[in-house]
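Chain and residue survey
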Amino acid sequence: MKLLVTGGAGFIGSNFILYMIQQYPNYQIINMDALTYAGNLENLKSVQHHPNYSFVQADIADKPAVDAIFQQGIDVVVNFAAESHVDRSILEPEIFVNTNVMGTQVLLDAAKKYGVTKFVQVSTDEVYGSLGDTGLFSETTPLAPNSPYSASKAGGDLLVRAYHETFGLPINITRCSNNYGPYQFPEKLIPLIISRALNDESLPVYGDGLNIRDWLYVEDHCSAIDLVIHQGKIGEVYNIGGNNERTNLHIVKTILEELGKPESLITYVADRPGHDRRYGIDPTKIMNELGWKPKHNFETGIKETIQWYLNHKDWWTRIQSGAYRDYMTQQYGKR
Ligand code: NAD
Ligand code: TDX
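Identification of the protein chain as dTDP-glucose 4,6-dehydratase from Paenibacillus glucanolyticus is taken from an unreviewed UniProt entry. Heading Sequence similarities (unreviewed entry) of the UniProt record for the protein chain holds this comment: "Belongs to the NAD(P)-dependent epimerase/dehydratase family. dTDP-glucose dehydratase subfamily."

Here you go:
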């Protein structure tokens with residue numbers, strides 16, 4: 001199988017490539033990534049010389065570059081490439097539309113032109129909007145995105161759906177809850193809090209800290225996508241989540257306790273505009289239809305994750321200093 005992974009230098013994409021190379025060493029994996037600020041090839045150091053792995057620096061919205069890759073003959077596309085940070089989408093929405101909507105459309109056109117056996121769109125529970133105190137998101141929950149990020153992801157999803165309905169493109173859409181684990185860019189809540197707490201810096205908690213996210217260990221997301229690639233029914237949407245709803249304050253306090261740092265570091269700051277109150281995924285469909293089951297329980301997963309950031313301080317300090325960019329220049333000659 002020839003697998004095109006877009007956004008493979010990011011948090012989930014790099015975990016996915018490491019996972020797939022281990023599971024299927026005979027699959028050919030092409031990682032296409034624009035290497036935005038969020039792309040970090042250091043995550044993939046251990047496989048960079050693997051005979052079945054290759055890397056192409058390209059933007060998914062760049063038609064000639066995308067065409068050139070599809071000319072090689074791609075069987076399956078897994079589209080992780082996206083602008084992914086909600087706060088950045090509030091500051092600068094345009095790039096979110098360019099990548100998450102227009103870029104997805106360029107990939108879809110190439111998949112349609114050259115033919116693929118499957119196009120998997122990696123999406124998010126945020127497209128469903130915000131929940132009240134009860135209920136969960138199912139695959140039939142209406143889309144009601146509230147941030148420029150989630151609106152752009154919903155736009156991409158709807159194009160993927162339309163290419164299936166209109167052109168018969170074989171697709172699946174996955175919608176996962178918040179991921180945590182190794183290699184997450186330290187702008188996201190968990191690595192941000194760990195890195196700042198270790199430096200005894202103030203910990204910004206938005207609003208009252210009682211917003212709820214549903215957390216899933218990144219490897220469990222990867223195993224779900226693996227199942228969707230191989231067994232997902234064409235045209236279907238699959239929600240992915242492990243029933244781990246926690247308030248942000250609970251997450252921050254868990255990290256402080258684990259690191260032995262004082263709660264006085266917590267600083268309540270202005271709320272995120274349009275801040276979704278609660279996410280919660282109903283994963284019944286993927287569990288019943290594809291037999292998916294998460295391996296990691298949250299209490300041990302979060303401890304392992306904190307330990308990983310403690311053991312890989314050089315990884316995140318190189319991001320903070322910008323030095324991770326030098327590695328890319330050394331390896332690939334450009335940024
Ligand atoms: P990330 O920001 O860590 O990584 C994104 C990657 O995409 C980076 O390597 C970046 O260089 C690349 N990229 C960005 N724009 C590109 C472009 N125009 N062309 C090619 N590459 C480009 O994001 P992540 O957290 O790993 O998320 C990956 C995907 O999973 C996204 O589609 C996101 O919407 C989705 N998702 C994320 C989560 C989460 O909790 N992080 C949850 C559900 C779904
Ligand atoms: O400094 C912070 N303080 C804070 O209180 C940050 C960065 C976040 N928060 C809050 C906002 C959210 O309620 O923590 C929660 C998690 O925030 P993020 O890590 O920014 O994630 P979120 O906005 O929930 O979106 C994430 O999950 C779904 C990913 O970034 C998305 O790409 C994914 O689709």
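From this point, things continue past the structure.
Structural notes on the environment of F11
With respect to the helices and strands, F11 occurs in helix 1 (residues 11–23). Residue F11 is classed as buried on the basis of its 24 C-beta neighbours within 10 Å. Taking the C-alpha atoms as reference points, F11 and F55, 44 residues apart in sequence, are found 16 Å from one another. For F11, the residues in contact, after removing those within four places along its chain, are Y183, Q184 and F185.

Side note on the site of ligand 1
Inspection of the region around ligand 1 gives 30 residues, with G7, G10, A38, G39 and A82 positioned closest. The class makeup of the residues in the shell around ligand 1 is 14 nonpolar, 12 polar and four charged.

As for the UniProt feature "domain: NAD(P)-binding" (unreviewed entry) in the protein chain
UniProt records the feature "domain: NAD(P)-binding" (unreviewed entry) at residues 4–305, using the numbering of this structure. Summarising residues 4–305: 40% helix, 18% strand, and an end-to-end C-alpha distance of 28 Å.

Topic: the site of ligand 2
Among the 16 residues in the neighbourhood of ligand 2, the closest are listed as S84, T124, K188, L189 and Y206. Put simply, the parts of the chain that give the shell around ligand 2 at least two residues each are helix 6 (189–198) and strand 8 (203–206). Looking at which element gives the most residues to the shell around ligand 2, the answer is strand 8, with three residues.

Some thoughts on the packing of helix 4 (residues 93–114) against helix 5 (residues 148–167)
When two helices pack together, their arrangement is given by the angle between the helix axes and by the axis-to-axis distance. The geometry of helix 4 relative to helix 5 is characterised by a closest axis approach of 8 Å and an angle of 15 degrees between their N-to-C directions. On the basis of their axis angle, the class for helix 4 and helix 5 is roughly parallel. Where helix 4 crosses over helix 5, the two elements pack in a sense that is right-handed. In contact with P93, F96, V97, N100, V101, T104, Q105, L108 and K112 of helix 4, helix 5 contributes P148, Y149, S152, K153, G155, G156, L159, V160, Y163 and F167. Of the residues contributing to the contact of helix 4 with helix 5, the split by class is 11 nonpolar, six polar and two charged.

Each value, and the rule that gives it
- Residues numbered from 1 in each chain as written.
- Chains lettered and ligands numbered in written order.
- Predicted model: local features only at pLDDT ≥ 70, side-chain atom pairs only at ≥ 80, totals over all residues.
- UniProt positions renumbered as here; feature names shortened; annotations may be inferred.
- Helix = DSSP H or I, 4+ residues; strand = E, 2+ residues; numbered from the N terminus.
- Buried ≥ 20, exposed ≤ 12 C-beta atoms within 10 Å, placed from the backbone.
- Contact = placed C-beta atoms within 7 Å.
- Near = placed C-beta within 6 Å.
- Nonpolar A, V, L, I, M, F, W, Y, C, P; charged D, E, K, R; others polar.
- Axes fitted to C-alpha atoms, helices over the stretch in contact; angles between N-to-C directions.
- Parallel < 35°, antiparallel > 145°, perpendicular 65-115°, else oblique.
- Left-handed = near helix turned anticlockwise from the far one by under 90°.

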